[in-house]
Amino acid sequence: MTHSNQDLIQYVLRQADTPLILAQRLCAWCGHAPELEIDLALSNIGLDLLGQARNFYSYAAELSGEDIDEDRLAFGRDDLEYRNLLLAEQPNGGFNDTLVRQFFLDTYHFLLHQGLSQSRDPRLAAISAKSLKEAEYHLRFSRGWMIRLGDGTELSQQKMQQAINALWRFTGELFFSDELELQLAEQGIAVDPASLHAPWLQIVQQTLQEATLHLPEEAPYRRGGKQGKHTEHLGYMLAEMQFLQRAYPDCRW
């Protein structure tokens, strides 16, 4: 296996891990959301993200050339081997927390898949072109609710602002470019995350303005998920998510 192939595998795993973890968070709302419409929407968005993760995992498994499949990559790794963004693993909290987390990541994924759909790697381009159609719907949903609740009652506005303030610290990692991403971006394979920051901030600022909300004064500073350094929340989530495969390896229905 060449070094460049290893780099590509690691990059593809990053694109798989974030939607997988986010899907797990969203599907936990099934039967608990504040409205039936929201319940169904969050579950459907979670299933979309799960499908995206599966496509990336399948590609990573093929690139490895080893006896590894998508299930092994999703359910057989320890928390330190995951490369998801820290924002995705943050707890659901209230609907306000889930919504703000989703909006920040939907905006990011919309721009990421726009860029990756132009990748020189045809498989990455194809997966992202398909994911982009779903990301557009996801962003429309979360952005609409940001505006509706931000510009709603005094209480809903307060709760939305609290969630923005609490999660803002994790947004900087979305645009932190490490050596792996920069090398693949130079080859026209990856997207340099730093290039997404300005358009992301423009969408976020415009949305918050319509929602009568504001950006926090605190600078975003938490990062490390792409290097396997996670918050304590991921381990608890994986323990639940991976239980069946760990207890009964390679089980089949």
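Scroll up to find the structure.
Values in this document were obtained by computation on a predicted structure and should not be read as measured data. (Residues numbered from 1 in each chain as written. Predicted model: local features only at pLDDT ≥ 70, side-chain atom pairs only at ≥ 80, totals over all residues. Heavy atoms only, no water.)

A.B. asks: Even after reading the chapter, I still don't get the overall build of the protein chain, so can you show me in this structure?
C.D. replies: Helix and strand content of the protein chain: ten helices and zero strands. Secondary structure of the protein chain in N-to-C order comes out as α-α-α-α-α-α-α-α-α-α. For 253 residues, the compact-globule formula gives about 18 Å, and the C-alpha radius of gyration of the protein chain, at 18 Å, lands near that figure. The 253 residues of the protein chain split such that 53% are buried. Contacts spanning at least 24 positions in sequence make up 79% of the contacts within the protein chain whose residues lie at least 6 apart. In the form shown here, the protein chain has an accessible surface area of approximately 12300 Å², with 52% of it arising from carbon and sulfur atoms. Distance between charge centroids for the protein chain: 1 Å, based on 22 positive and 35 negative side chains. (Helix = DSSP H or I, 4+ residues; strand = E, 2+ residues; numbered from the N terminus. Rg over C-alpha atoms; globule rule 2.2 N^0.38 Å. Buried < 20%, exposed > 50% of the residue type's maximum accessible area, 1.4 Å probe, protein only. Contact = heavy atoms within 4.5 Å. Areas by Shrake-Rupley, 256 points an atom, 1.4 Å probe, with all protein chains shown as cover. Lys, Arg positive; Asp, Glu negative; His and termini not counted. Charge placed at Lys NZ, Arg CZ, Asp CG, Glu CD.)

A.B. asks: Looking at this structure, how should I read the packing of helix H5 (residues 122-150) against helix H8 (residues 197-210)?
C.D. replies: Between two packed helices, the angle of one axis relative to the other and the distance separating the axes together describe the packing. Look at H5 against H8: their axes get within 8 Å of each other, and the N-to-C directions meet at 35°. Facing Arg143, Met146 and Ile147 of H5, the residues of H8 in contact are Gln206, Thr207, Leu208 and Glu210. Of the residues that constitute the contact of H5 with H8, the class distribution is three nonpolar, two polar and two charged. (Axes fitted to C-alpha atoms, helices over the stretch in contact; angles between N-to-C directions. Nonpolar A, V, L, I, M, F, W, Y, C, P; charged D, E, K, R; others polar.)

A.B. asks: Looking at this structure, how should I read the environment of Gln114?
C.D. replies: Relative to the helices and strands, Gln114 resides in helix H4 (residues 95-116). As for Gln114 and Arg14, which are separated by 100 residues in sequence, their C-alpha atoms are 17 Å apart.

A.B. asks: Even after reading the chapter, I still don't get H4, so can you show me in this structure?
C.D. replies: Since one α-helical turn is 3.6 residues long, residues separated by three or four positions face the same way. Along its 22 residues, H4 runs 30 Å from first to last C-alpha, staying within 8% of the 32 Å computed at 1.5 Å per residue. For H4, the buried fraction is high: 19 of the 22 residues fall into the buried class. (Expected span 1.5 Å × (residues − 1).)

A.B. asks: Sorry if this is basic, but what is going on with the pattern of salt bridges here?
C.D. replies: Pairs can form between side chains of opposite charge once their charged atoms are near each other. Following the criterion strictly, the structure yields eight salt bridges and no others. For Arg14, the salt bridge is made with Asp178, and the minimal N-O distance between the two is 2.6 Å. Note that Arg14 is positioned in helix H1 (residues 3-27) and Asp178 in the loop between helix H6 (154-167) and helix H7 (179-186), a separation of 164 residues in sequence. Between Arg143 and Glu210 there is a salt bridge, with the nearest N and O atoms lying 2.6 Å from each other. Of this pair, Arg143 sits in helix H5 while Glu210 sits in helix H8, placing them 67 residues apart in sequence. Bridged by salt links that share partners, the residues Arg14, Asp178, Glu181 and Lys226 form one connected network. (Salt bridge = Lys/Arg side-chain N within 4 Å of Asp/Glu carboxyl O.)

A.B. asks: Would you explain a nonpolar patch on the surface in this entry?
C.D. replies: A surface patch of nonpolar side chains, about 350 Å² in accessible area, is lined by Phe243, Leu244 and Tyr248. Its location among the elements puts Phe243 in helix H10 (residues 243-247). (Patch = residues over 30% accessible without salt bridge, like charges linked within 9 Å, V, L, I, M, F, W, Y side chains within 5 Å.)

A.B. asks: I keep staring at the side chain of Ser156 and nothing clicks. Help me out?
C.D. replies: Looking at the secondary structure, you find Ser156 in helix H6. Engagement of the side chain of Ser156 in a polar contact is seen with the backbone oxygen of Leu149, the distance being 2.6 Å. (Polar contact = N/O pair within 3.5 Å; in protein donor to acceptor, adjacent residues only side chain to side chain.)

A.B. asks: Could you clarify how one ought to interpret the nonpolar core in this entry?
C.D. replies: The tendency in soluble globular proteins is for nonpolar side chains to be buried as a group. One finds Tyr11, Tyr57, Phe104, Met146 and Trp200 to be the most contacted residues of the largest nonpolar core, which totals 77 residues. The dominant element in this core, judged by the number of residues it contributes, is helix H2 (residues 36-64), at twelve residues. (Core = buried A, V, L, I, M, F, W, Y, C linked by side-chain atoms within 4.5 Å.)

A.B. asks: Looking at this structure, how should I read the packing of aromatic side chains?
C.D. replies: The geometry of two aromatic rings is summed up by the distance between their centres and the angle between their planes. Applying the stated rule across the entire model yields eight aromatic pairs. An angle of 40° between the planes, with centres 6.1 Å apart, marks the rings of Phe103 and Phe104 as tilted. A centroid spacing of 5.6 Å and a plane angle of 55° characterise the contact between Phe104 and Trp200, whose relative ring orientation is tilted. With Phe104 in helix H4 and Trp200 in helix H8, this residue pair connects regions lying 96 residues apart in the sequence. Each member of the pair, Phe104 as well as Trp200, is classed as buried. Note that Arg148 overlies the ring of Trp145, its terminal NZ or CZ placed 4.1 Å from the centroid. Above the ring of Phe176, the side-chain terminus of Arg223 is found at 3.8 Å from the ring centroid. (Phe/Tyr/Trp six-rings, centres within 6.5 Å; stacked < 30°, edge-to-face > 60°. Lys NZ or Arg CZ within 6 Å of the ring centre and 35° of its normal.)

Without other data, these values stay purely geometric and don't point to any function.
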